[in-house]
Amino acid sequence: MKLLRKNGLRATALGALAVSGALVLTACGSDDNTDASSTPTKSDTATSAVCKDAKGQLLASGSSAQKNAMDLWVKNYMATCSGVQVNYKSSSSGEGIVAFNQGTVGFAGSDSALKPEEVADSKKVCKDGGQGINLPMVGGPIAIGYHLEGVDSLVLDAPTLAKIFDSKIKNWDDAAIKKLNPDAKLPNKPIQAFHRSEDSGTTQNLGKYLSATAASDWKYEPEKKWPAPGGQAASGSSGVATQVKQVDGSIGYFELSYATSQSISTVKLDTGASAPVEATSENASKAIAAAKIKGTGNDLALDLDYTTKADGAYPIVLVTYEIACDKGNNPATLATVKSFLTYTASADGQKVLSEAGYAPIPEEINKKVQETVASLS
Amino acid sequence: MASTTPIDTPPAPPAPPAGRSSSSTGRAGDKIFAGLSSGSGILLLVIMASIAGFLTYRAANAISQDHGNFLTTFDWNPSGNPPVFGIAVLLFGTVVSSIIAMVIAVPIAVGIALFISHYAPRRLAAPLAYVVDLLAAVPSIIYGIWGALVLVPYLGGLNIWLDQYFSWTYIFDQTQPGVARNMLTVGILLAIMILPIVTSVSREVFLQVPRMNEEAALALGATRWEVIRLSVLPFGRSGVISASMLGLGRALGETMAVATVLSPNYLISLHLLDPGGGTFAQNIAAKFDEANPLGRDALIASGLVLFILTLLVNSAARLIIARRKEYSGANA
């Protein structure tokens, strides 16, 4: 009896220890968003930023799709305007817009334009009858990466792509793929299509492209959530890219920078142009140039033309906006917001983008962005 | 089982304090210690209650806006219009992956525990026990990375083999060939992760088998295996069960390792080799970042279900230990 009690006690103590240990161990996973940009000693990147009255701390929040661009901008900007502290918290577009409409951030980043009800909300924060407006600031190609031993170059068109991602085409030596790649030695291997496991603006933009160009093969609503059954999922652009890199016979979609940094081959798109188009920053800019501004007044929300057949225009693109009030911005941060966005929209600021795998906003639209930023009040 | 918990367990814990307080001589140290320990006991209850309260409050908000059935819907789309989400797939995935883990881990753990306690030479037993315990100290994300980079590619071959020879069992029929990012892989990984807990508790129990029982059996001419079968295993049964329950508790709540290894997909399938499925913890980790406010509440609602599930498993474990105490070999 004595023995047993001791045993039970010890077993429970051990068990309790094990459980609490397990609890401690599983409670990990913090997200470190701080960047190593704390050394603004780089004087060689003399930027054209104009500091004017900018001072103090500027908080911003939103889309993670433009995080890498924002990191570069903040670093360069703060190197010139040392009196300013810009903090961009990359969370999600939805969170950025909520923070903006609560008035806690100077501007928000979003990969989709404000919805009407969000514009209505913004009127409470923007004084003097102002409202939130969308300023297209960062473009980027969404690359279709693939991994197929022995195939260095792959051309696909929208219907084929839609069928692959919808598990209608299941094998690499399918007739539809062969027809587009007469010279490639396509193996008899099952296709493993990877998509994002969490809600994502990247998924939504690919969906918009597929439903605009291959409506009969892609019958899903463009949503942030992956709509098609089948295929395999991975978390984040980095997760999808890692899987594609690892698995022979796989295909997936992610921002171009992930493809270049992991040297993953990307699909050339047969858009109907004279030659298949490769996913590059330059080609993405050409496709964004075909966009029309659908916003009214100061709002510069873009209507992208996914069906463009212009030569060298890569149509699967993502545009992220910065959102600010056109009138009645918080007077405490207005000068800083204006100064910072003036820099990001400047020729210098846009030039930085292609280095980070993004695409600059085409000049014609960018000119309007610059004018609008200058008129913020 | 759950309904009997409140009847069976409460009498046990209050008994010792009551006995001790009556024999207290009223010294200051005793009083302070009694106050401290009952204070921390109450604090624990308050913390548990506030966690439950927080979860229930946020969950009620989410469920009231759900346009599907929270228990039976096979979808998770709280940002949709109208929002539709349900936990059926998560509950299924959590339970199935944990069952696979238990089926694999418990026999192996008992084997290791028996080897360490009864077969291994003493010089080998101590370091071996130490190494197994060390496995518990490896953070789960490390298991996750190892699982994704080593285990998943490695299990591809096993999947093909299982599909080829055992597809008639239905569960090993692979309808969607591909990378082994499926429930079976998750189960195997979880089995490795819960192995140390189950092993060390079982080993501890096996070492407590009354020496007399074993010696009596040996004196009657039993072989070593017969000693284990007739005296060690019956004596240790309750300990092994409670050890398994502790392991199960960990398997149910494992997050990062599952999130890195599984290809989540909102479907229920008993084809263990097909990618897809999901678990509560994995779903919360994967969806939290991009979720809108309703989405977060919905995830919290799913967390509440996991909370209840874990609570049930742990109380079942306590119940088994409490009940077995009276009938175990030592009293006979």
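Residues numbered from 1 in each chain as written. Chains lettered and ligands numbered in written order. Predicted model: local features only at pLDDT ≥ 70, side-chain atom pairs only at ≥ 80, totals over all residues. Heavy atoms only, no water.

1. Considering the overall build of chain A
Test applied: Helix and strand labels come from DSSP, where a helix needs a run of H or I of at least four residues and a strand needs a run of E of at least two; each type is numbered from the N terminus. Only protein chains enter the calculation, and the probe is 1.4 Å; a residue is then buried if its accessible area is under 20% of its type maximum, exposed if over 50%, and partly exposed in between. Working definition of accessibility: Shrake-Rupley area with a 1.4 Å probe, residue cover restricted to the visible protein chains.
Helix and strand counts for chain A stand at 13 helices and 13 strands. Looking at chain A as a whole, 54% of its 377 residues are labelled buried. Within the structure as shown, chain A displays about 16300 Å² of accessible surface, and the carbon and sulfur contribution to it stands at 52%.

2. Re the domain arrangement of chain A
All names here are of chain A. The condition that has to hold: Throughout the structure description, domain borders are defined by an automatic or database domain assignment. Contacts are assigned to residue pairs with any non-hydrogen atoms lying within 4.5 Å of each other. Each of two parts loses accessible area, computed with a 1.4 Å probe, when they are put together; buried area is these two losses added. Whenever a carboxyl oxygen of Asp or Glu lies within 4 Å of a side-chain nitrogen of Lys or Arg, that contact is scored as a salt bridge. When residues are grouped by polarity, Ala, Val, Leu, Ile, Met, Phe, Trp, Tyr, Cys and Pro land in nonpolar, Asp, Glu, Lys and Arg in charged, and all others, Gly among them, in polar.
Annotation of chain A at the domain level lists domain 1 (42-140 + 289-303 + 320-375) and domain 2 (142-285). Once you take the C-alpha centre of each, domain 1 and domain 2 turn out to be 30 Å apart. Contact with domain 1, which involves 13 residues of that partner, is made by 10 residues of domain 2. Across the domain 1 to domain 2 interface the summed buried area is about 800 Å²; carbon plus sulfur atoms make up 43%. Its largest share of buried area at the contact with domain 2, domain 1 owes to D111, G140 and G357, together 38% of the area lost on that side. Where domain 1 packs against domain 2, one counts one salt bridge. Note that D111 and K224 form a salt bridge whose closest N and O atoms lie 3.6 Å from each other. For the side of domain 1 that touches domain 2, the residue count by class is six nonpolar, six polar and one charged.

3. What to know about the UniProt feature "domain: ABC transmembrane type-1" (unreviewed entry) in chain B
Cut-off, in case you're wondering: UniProt positions are given in the numbering used here, feature names are shortened, and annotations may be inferred rather than shown by experiment.
Here the UniProt-annotated "domain: ABC transmembrane type-1" (unreviewed entry) positions come out as residues 91-317 of chain B. From the first C-alpha to the last, residues 91-317 of chain B spans 20 Å; its make-up is 76% helix and 0% strand.

4. A few points about helix α11 (residues 331-345) of chain A
Put simply, the rule reads: Multiplying one less than the number of residues by 1.5 Å gives the expected span of a helix.
Compared with an ideal rise of 1.5 Å per residue, which puts 15 residues at 21 Å, α11(A) spans 21 Å between its outermost C-alpha atoms and is within 8% of the ideal. Here α11(A) has its buried residues at A:T333, A:L334, A:T336, A:V337, A:S339, A:F340, A:L341, A:Y343, A:T344 and A:A345.

5. Some points on the UniProt feature "transmembrane region" (unreviewed entry) in chain B
Residue and element names in this part refer to chain B. Feature annotation in UniProt places "transmembrane region" (unreviewed entry) on residues 32-55, 84-116, 183-202 and 298-321, given in this structure's numbering. In residues 84-116, the share of helix is 88% and the share of strand is 6%. The end C-alpha atoms are 51 Å apart. Here residues 183-202 is 100% helix and 0% strand, with 27 Å between the C-alpha atoms at its ends.

6. Comments concerning the UniProt feature "domain: PBP" (unreviewed entry) in chain A
Annotation from UniProt places "domain: PBP" (unreviewed entry) at residues 54-347 of chain A. Spanning residues 54-347 of chain A, this segment combines 35% helix with 23% strand, and its end C-alpha atoms are found 20 Å apart.

7. Describing the pairing of strand β13 (residues 317-325) of chain A
All names here are of chain A. Applied cut-off: One bridge is not enough; two strands pair if DSSP finds at least two bridges between them.
By the criterion of burial, β13 is predominantly enclosed, with nine of the nine residues buried. Residues V317, V319, Y321, I323 and C325 point to one face of β13 and L318, T320, E322 and A324 to the other, with burial holding for every one of them. Summarising the sheet, strand β3 (residues 107-110) and β13 pair through three bridges and their orientation is antiparallel. When the bridges of β13 are listed, S110 appears paired with Y321.

8. Brief notes about helix α13 (residues 363-375) of chain A
Residues and elements named next belong to chain A. Condition: It is the directions from the helix axis to the C-beta atoms that the arc portrays.
Here α13 spans 18 Å end to end across 13 residues, near enough to the 18 Å set by a 1.5 Å rise per residue. Taken together, the buried positions of α13 are occupied by I365, N366, V369, T372 and V373. Take α13 and look down its axis: the buried residues cluster within an arc of 120 degrees, on one side only. Exposed residues pointing more than 90 degrees away from the buried face of α13 are listed as E363, E364, K367, E371 and A374. In this structure, the buried residues of α13 make contact with β4 (132-147), α10 (281-289), β12 (302-303), α11 and α12 (347-355).

9. A closer look at the packing of aromatic side chains
Where we set the bar: Pairing of aromatic rings covers Phe, Tyr and Trp, the last through its six-membered ring, and needs centres within 6.5 Å; plane angles under 30 degrees mean stacked, over 60 mean edge-to-face, and all others mean tilted. Should the NZ of a Lys or the CZ of an Arg lie within 6 Å of a ring centre and within 35 degrees of the ring normal, that charge is described as sitting over the ring.
All chains considered together, the criterion is met by 15 aromatic pairs over all chains. Relative to A:Y220, the ring of A:W218 lies with its centre 4.9 Å away and its plane at 70 degrees, an arrangement referred to as edge-to-face. In this structure A:W218 comes out as buried when scored by relative accessible area, which is 2%. Classification of A:Y220 by relative accessible area gives partly exposed; the value is 23%. On the numbers, 5.6 Å between centres and 55 degrees between planes, the contact of B:W161 with B:F166 is tilted. By the ring-pair criterion, three or more aromatic residues cluster together here, those being A:F165, A:W218, A:Y220, A:W226 and A:Y253. Taking NZ or CZ as reference, B:R296 lies 4.5 Å from the ring centre of B:F288, over its face.

10. Some thoughts on the side chain of B:S263
Tracing the chain through its elements places B:S263 in the loop between α10 (256-261) and α11 (280-287). Ignoring any residue separated from it by four or fewer positions in sequence, one finds B:S263 in contact with A:G231, A:Q232, A:A233, B:R181, B:P275, B:G276 and B:G277.

11. A few points about the environment of A:V74
Residues and elements named next belong to chain A. Among the structural elements, V74 can be located in helix α2 (residues 67-80). Residue V74 is classed as buried on the basis of its relative accessible area, which comes to 9%. Sequence spacing of V74 and S281 is 207 residues, and the spatial spacing of their C-alpha atoms is 21 Å. The residues contacting V74, other than those within four sequence positions of it, are V86 and F340.

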